[in-house]
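Close look at the chain arrangement
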Amino acid sequence: MELSNRYIIFILTAIGSISCIYFLCLLPALPIFVPVISSAGGLYFLYKWIVPNKSPDIYVQKKMTWVALFIFTMGLAILTKNALNAAEKHGGWDAWAIWNYHAHFLTSPQHWQQMFKSVENDHPDYPLLLPGINAFFLRLTTEKYHLLIPFVISIITTIAAPVLIFSEFVKKHLVVASLTLFLFAYNSFYVEIGMSQYADSLLGLFFLAAMICMDHALEHKKYIILSAMFLGCCIWTKNEGAILALIFFLFYADRFFASRYIKGTLIGLAIPLICFITFKLFVPVSNDLISGLGAGTWQMITDGSRYQIIYDHFIENLQAHFPYLKKAFYAYLILCVLRRKWPDKQMLVVLTCLAVYMSIYVVTRYTLEWHIITSQNRLMLQLMPAMVYALAIKFSKLRLSQPEQYSFKVV
């Protein structure tokens, strides 16, 4: 894995780890210096473990060209500019009504469970990774900087996904890497949701990181641990993260649960999963979708009009927010047909997650139109980074010219 991406992976593990440590220290109401010291020690270990490349394998080393550096600088500048323009002082509605609201409860070790008293519109069953990382830093700063904390997390989240993908492909296929970077930079919906201070972009980023780490598993077994940890972070970020994690584990079960990797899988998954399960034991209400299943579920499943409504809105959202992905996916399918190959596993994972997401609407207890309008586009955005990555894998194999000579180095 490229050095730049190892730094990003470290930052993501830091976000997930600090949130977990803070929550576990919150349960016995430990003073703030305990999670601070614990986090500092954990981050030192993670940095030493993740960033240095200790792989004994021979790998291909190739410097980034000045052209690639110029494209990256321009793309990052445009993305940052658009992100700053899209940022709101208090974030979007869900930010100040749910995510940041929960974070302020979590700043009080003695009274944080008061958040469970609001069960009508506050969604107290939402996992606490994002509120946890925000609450940790809120307690370390004065009130003057409280608006800055969620803003910083949101801009890191918005920028990290396109940078991860660009760095993965810049030395394999500069054109593909550049297109992915500018696709994110000019997608106003991606930027808007990323800067909304919601948890959707963070969930999509963890899912992308899990996929990238899995693709580097042959370099070093630490990437199996990191992939499992990021899937655990998906679960600890949003309830639907459990769907993403389960599907990912099913597709890569042969690797996660192989005899040489299963211990690493359990190590990576353990702490986020413990936090999630422990938190759910405190929540006084069940998940709003699961609690809605009942006698009328079968009738909804057999109602063809519901599928048509879901499909129509899906096409509308695809055209409104992800038009380039739609065209790129069609090109991907044509390429698969011409080469007589099935879609890559990464693409099958994303499509399966999308299909399961859409099937949730079939049995929703809410008014179908309202539920779709208020959430479908964000569910699709959660899968956007992984979808772009899966497309880039296929298109990066197309060579427009003879490949450059590489130099080999043992690390």
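So, how was this worked out
- Residues numbered from 1 in each chain as written.
- Predicted model: local features only at pLDDT ≥ 70, side-chain atom pairs only at ≥ 80, totals over all residues.
- Heavy atoms only, no water.
- Helix = DSSP H or I, 4+ residues; strand = E, 2+ residues; numbered from the N terminus.
- Rg over C-alpha atoms; globule rule 2.2 N^0.38 Å.
- Buried < 20%, exposed > 50% of the residue type's maximum accessible area, 1.4 Å probe, protein only.
- Contact = heavy atoms within 4.5 Å.
- Areas by Shrake-Rupley, 256 points an atom, 1.4 Å probe, with all protein chains shown as cover.
- Lys, Arg positive; Asp, Glu negative; His and termini not counted.
- Charge placed at Lys NZ, Arg CZ, Asp CG, Glu CD.
- 1 Å grid on protein atoms, 1.4 Å probe; cavity = no way out; pocket = protein on both sides within 12 Å on 5 of 7 lines; lining within 4 Å.
- Points joined across faces, edges and corners; volume = space filled by probe spheres on them.
- Nonpolar A, V, L, I, M, F, W, Y, C, P; charged D, E, K, R; others polar.
- Core = buried A, V, L, I, M, F, W, Y, C linked by side-chain atoms within 4.5 Å.
- Axes fitted to C-alpha atoms, helices over the stretch in contact; angles between N-to-C directions.
- Parallel < 35°, antiparallel > 145°, perpendicular 65-115°, else oblique.
- Left-handed = near helix turned anticlockwise from the far one by under 90°.
- Expected span 1.5 Å × (residues − 1).
- pLDDT = per-residue confidence, 0-100.
- Salt bridge = Lys/Arg side-chain N within 4 Å of Asp/Glu carboxyl O.

1. Structural notes on the overall build of the protein
Helix and strand counts for the protein stand at 18 helices and two strands. Over its C-alpha atoms the protein spans a radius of gyration of 21 Å, differing by no more than 12% from the 22 Å that the globule rule assigns to 411 residues. Expressed along its principal axes, the backbone C-alpha trace of the protein runs to roughly 65 × 55 × 50 Å. The 411 residues of the protein split such that 53% are buried. For the protein, restricting intrachain contacts to residue pairs at least 6 apart in sequence, the fraction spanning at least 24 positions comes to 83%. Only carbon and sulfur atoms are counted for the fraction: they give 66% of the accessible area of the protein, which is about 19,500 Å². Looking at the protein, you have 32 positive and 22 negative side-chain charges, and the mean spots of the two groups are 12 Å apart.

2. Focus on empty space enclosed by the protein
Across all of its chains, the model carries one cavity of 30 Å³ or more by this definition. In this structure, the largest cavity encloses a volume near 70 Å³. In terms of lining, the largest cavity is formed by Leu 130, Asn 134, Pro 150, Ile 153, Ser 154, Thr 157, Gly 194, Gln 197, Tyr 198, Ser 201 and Leu 202. Counting only elements with at least two residues in the lining of the largest cavity, the list comes to helix 5 (129–138), helix 6 (148–169) and helix 9 (200–215). Looking at the lining of the largest cavity element by element, the count peaks at four residues for helix 6. When the residues that make up the lining of the largest cavity are grouped by side-chain class, the tally is five nonpolar, six polar and no charged.

3. Examining the nonpolar core
Counting 134 residues, the largest nonpolar core has Ile 9, Phe 206, Phe 207, Phe 230, Trp 236, Phe 248 and Phe 256 as the members making the most contacts within it. The leading source of residues in this core is helix 18 (residues 368–395), at 16 residues.

4. Some remarks on the packing of helix 1 (residues 3–26) against helix 2 (residues 33–50)
Between helix 1 and helix 2, whose axes approach to 9 Å, the crossing angle comes to 155 degrees. As the angle between them shows, helix 1 and helix 2 are arranged roughly antiparallel. Where helix 1 crosses over helix 2, the two elements pack in a sense that is right-handed. Touching Arg 6, Tyr 7, Ile 9, Phe 10, Thr 13, Ala 14, Ser 17, Ile 18, Ile 21, Tyr 22 and Cys 25 of helix 1 are Val 34, Pro 35, Ser 38, Ser 39, Leu 43, Leu 46, Tyr 47 and Ile 50, all from helix 2. By residue class, the composition of the contact of helix 1 with helix 2 is 14 nonpolar, four polar and one charged.

5. What to know about helix 9
Over its 16 residues, helix 9 runs 23 Å from end to end, which matches the ideal 22 Å to within 8%, given 1.5 Å per residue. Most of helix 9 sits out of view: 15 of its 16 residues are buried.

6. Brief notes about the confidence of the model for the protein
Scored by pLDDT, the protein comes out at a mean of 89, with 90% of its residues at no less than 70. Within the protein, the element-level pLDDT minimum falls on strand 2 (residues 407–410), averaging 34, and the maximum on helix 11 (residues 241–251), averaging 97. Here residues 56–60 scores under 50 on pLDDT; set against residues more than four positions off or in separate chains, the count is 15 contacts. A low-confidence stretch, residues 400–411 stays under pLDDT 50, and its non-local contacts, those more than four residues away or across chains, total 21 contacts.

7. Regarding the side chain of Ser 178
Residue position: Ser 178 is located in helix 7 (residues 174–185). Ignoring anything within four residues of it in the chain, the contact list for Ser 178 reads Ile 71 and Phe 166.

8. Focus: the pattern of salt bridges
Tallied over the full model, the rule gives six salt bridges. One salt bridge in this structure joins Lys 238 and Glu 240, with 3.1 Å as the shortest N-O distance. Assessed through its relative accessible area of 6%, Lys 238 is described here as buried. In this structure, Asp 344 and Lys 394 form a salt bridge, with 3.7 Å as the shortest nitrogen-oxygen distance. Of this pair, Asp 344 sits in the loop between helix 16 (323–339) and helix 17 (345–362) while Lys 394 sits in helix 18, and the two are 50 residues apart along the sequence. On the basis of relative accessibility, which here comes to 16%, the residue Asp 344 falls in the buried class. The structure contains a network of salt bridges with shared partners spanning Asp 94, Asp 200, Lys 238, Glu 240 and Arg 378.

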